[in-house]
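Coordinates in review
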Amino acid sequence: DETFDLAVAYLEGASTYYVADHVKARQKAAFVHIDYESSGYTPLMDKDCYRHMDRIFMVSDEVKKSFLEVYPECRSYTGVFHNLLDNEEIIRKSKLAGGFEDAYDGKRILTVGRLTAQKAYDIAIDAMKILKDHGVKAKWYVLGEGELRDRLQIKINHLGLKDDFILLGAKTNPYPYYTQCDLYVHATLFEGKSIAIQEAQILGCTLLVSDCSGNREQVIDGVDGKMCQLTPEGISAGIEELLSDEEKCREYCKKASEKLTAEKEDV
């Protein structure tokens, strides 16, 4: 029954619906972190919840563009509010104990993200199979949990990749893994603005990302990372190229670091 000064729906979906319908507040704000249509949301599902908001914040320009194609009437009170990350704290945590515990001496590929359909791990597993067939000495590690774990593990085992594509689960401090990997891969169906990509850039990782909404806003192909098509062939070819060209990787990392510094100064 209490009336608040401000109510914030920080996630799309149920959080936003609840704030719109059940919270009394003088001002209401909603955040949208994903590509609205690609995520499966529709105005029919939302039942005018966004029209009950005083401000709507998008995590990136591409997310804003996608959202306003569906809700053009919300344009006057929709803005962009980028992810806020503590770069110094992320770097500090990356230097703490932790990270890979095996004695592997080949190339390490890392992906961080929930085990959901959006993250397209089934395609990544097929890409790892191609890499193994090509004789590439590498292991692919995934940090994250989700409803697809059992299904993905079955596919991994079926393709004989139990020791090559490794689901490590969720970790309290993932940052040492970033600094210890040779390549960070973020091959997803769609994104809003990936915090995992930002963290990888902060920690100096070489990035390979799929050419999709969200990723295009964070990585410039051939400048501070590489983009690939979301196919097993596209991903595996990108990985082989980067793992065999250390000079190119160093250049990408340098450009990413320069971009982050510039963005921080702008803020």
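As a reminder, the structure under discussion sits directly above these lines.
Here we summarise the structure given alongside this text.

Cut-offs and rules
Residues numbered from 1 in each chain as written. Predicted model: local features only at pLDDT ≥ 70, side-chain atom pairs only at ≥ 80, totals over all residues. Heavy atoms only, no water. Salt bridge = Lys/Arg side-chain N within 4 Å of Asp/Glu carboxyl O. Helix = DSSP H or I, 4+ residues; strand = E, 2+ residues; numbered from the N terminus. Pairing = 2+ DSSP bridges. Axes fitted to C-alpha atoms, helices over the stretch in contact; angles between N-to-C directions. Polar contact = N/O pair within 3.5 Å; in protein donor to acceptor, adjacent residues only side chain to side chain. Contact = heavy atoms within 4.5 Å. 1 Å grid on protein atoms, 1.4 Å probe; cavity = no way out; pocket = protein on both sides within 12 Å on 5 of 7 lines; lining within 4 Å. Points joined across faces, edges and corners; volume = space filled by probe spheres on them. Nonpolar A, V, L, I, M, F, W, Y, C, P; charged D, E, K, R; others polar. Right-handed = clockwise from strand over helix to strand, strands pointing away. Parallel < 35°, antiparallel > 145°, perpendicular 65-115°, else oblique. Left-handed = near helix turned anticlockwise from the far one by under 90°. Patch = residues over 30% accessible without salt bridge, like charges linked within 9 Å, V, L, I, M, F, W, Y side chains within 5 Å. Areas by Shrake-Rupley, 256 points an atom, 1.4 Å probe, with all protein chains shown as cover. Buried < 20%, exposed > 50% of the residue type's maximum accessible area, 1.4 Å probe, protein only. Expected span 1.5 Å × (residues − 1). Arc of directions from axis to C-beta.

Further remarks concern the pattern of salt bridges. Taken as a whole, this structure holds 17 salt bridges when the rule is applied. Taking the shortest distance from any N to any O, the salt bridge between E62 and R216 comes out at 3.9 Å. Of this pair, E62 sits in helix α3 (residues 61-70) while R216 sits in helix α9 (residues 215-218), placing them 154 residues apart in sequence. Within the structure, one salt-bridge network assembled from shared partners comprises D48, R51 and E73.

All right, on to the sheet that holds strand β9 (residues 207-210) then. With parallel pairing, the six strands of this open sheet are ordered in space as β7-β6-β5-β8-β9-β10. Two strands in the sheet have a free side with no partner beyond their single neighbour: β7 (165-169) and β10 (226-228). In this sheet, neighbouring strand axes are inclined to one another by 25° on average, regardless of whether the strands run parallel or antiparallel. Looking at chain direction, strand β5 (residues 107-112) and strand β6 (residues 138-143) are connected through six bridges and run parallel.

Attention now goes to the side chain of Q118. With respect to the helices and strands, the residue Q118 is situated in the loop between β5 and α5 (121-133). Within the local environment of Q118, its side chain forms a polar contact with the backbone oxygen of F190, the two atoms lying 2.8 Å apart. Dropping the residues within four chain positions of it, Q118 is found in contact with T188, L189, F190 and E191.

So, on to the layout of surface pockets. When its volume is computed, the largest pocket comes out at roughly 670 Å³. In terms of lining residues, the largest pocket is bounded by 29 residues, among which R114, K119, E191, S194 and I195 are the most central. For the lining of the largest pocket, the residue count by class is 13 nonpolar, nine polar and seven charged.

This part covers the pairing of strand β2 (residues 24-32). Sheet topology places strand β1 (residues 3-9) next to β2; six bridges connect them, and they run parallel. Across the sheet, F4 pairs through a bridge with A25, a residue of β2. Read as a crossover between parallel neighbours, the route from β1 over helix α1 (residues 14-22) to β2 is right-handed. With four bridges joining them, β2 and strand β3 (residues 55-58) adopt parallel strand pairing. Each residue of the ladder has a partner; that of A30, found in β3, is I56.

On to the sheet that holds β2. Across the sheet, which stays open at both edges, the four strands sit in the order β1-β2-β3-β4 with parallel pairing between neighbours. Of all the strands in the sheet, the pair left with one neighbour each is β1 and β4 (78-80). Neighbouring strand axes in the sheet, compared pairwise and without regard to direction, differ in orientation by 20° on average. Strands in contact with α1 are β1 and β2; relative to β1, the strand with the most contacts, it is inclined by about 155°.

It is worth spelling out the packing of α5 against helix α6 (residues 149-158) at this point. It is the contact of α5 with α6, at a shortest axis distance of 10 Å, that shows an interaxial angle of 15°. Between α5 and α6, the angle falls in the class roughly parallel. The handedness of the crossing between α5 and α6 comes out as right-handed. Facing Y121, D122, I125 and D126 of α5, the residues of α6 in contact are L152, K155 and I156.

What follows concerns the environment of F81. One can find F81 in the loop between β4 and α4 (87-94). Residues within four places of F81 in sequence aside, it is in contact with F31, F57, M58 and V59.

What follows concerns a nonpolar patch on the surface. On the surface, L6, V8, Y10 and L11 cluster together to form a nonpolar patch covering roughly 390 Å² of accessible area. By the secondary structure assignment, L11 is in the loop between β1 and α1. What makes L11 partly exposed here is its relative accessible area of 49%.

With 12 residues, helix α10 (residues 232-243) extends 16 Å from end C-alpha to end C-alpha; this agrees with the ideal 16 Å at 1.5 Å per step. Among the residues making up α10, those that are buried are P232, I235, S236, G238, I239, L242 and L243. Summarising the axial view, the buried residues of α10 lie within an arc of 160°, below the 170-degree limit, and thus occupy one face.

The next subject is unusual backbone geometry. Of note, the phi angle at K47 is positive, near 50°, even though the residue is not glycine. Within the secondary structure layout, K47 lies in the loop between α2 (43-46) and β3. We classify K47 as exposed; its relative accessible area is 68%.

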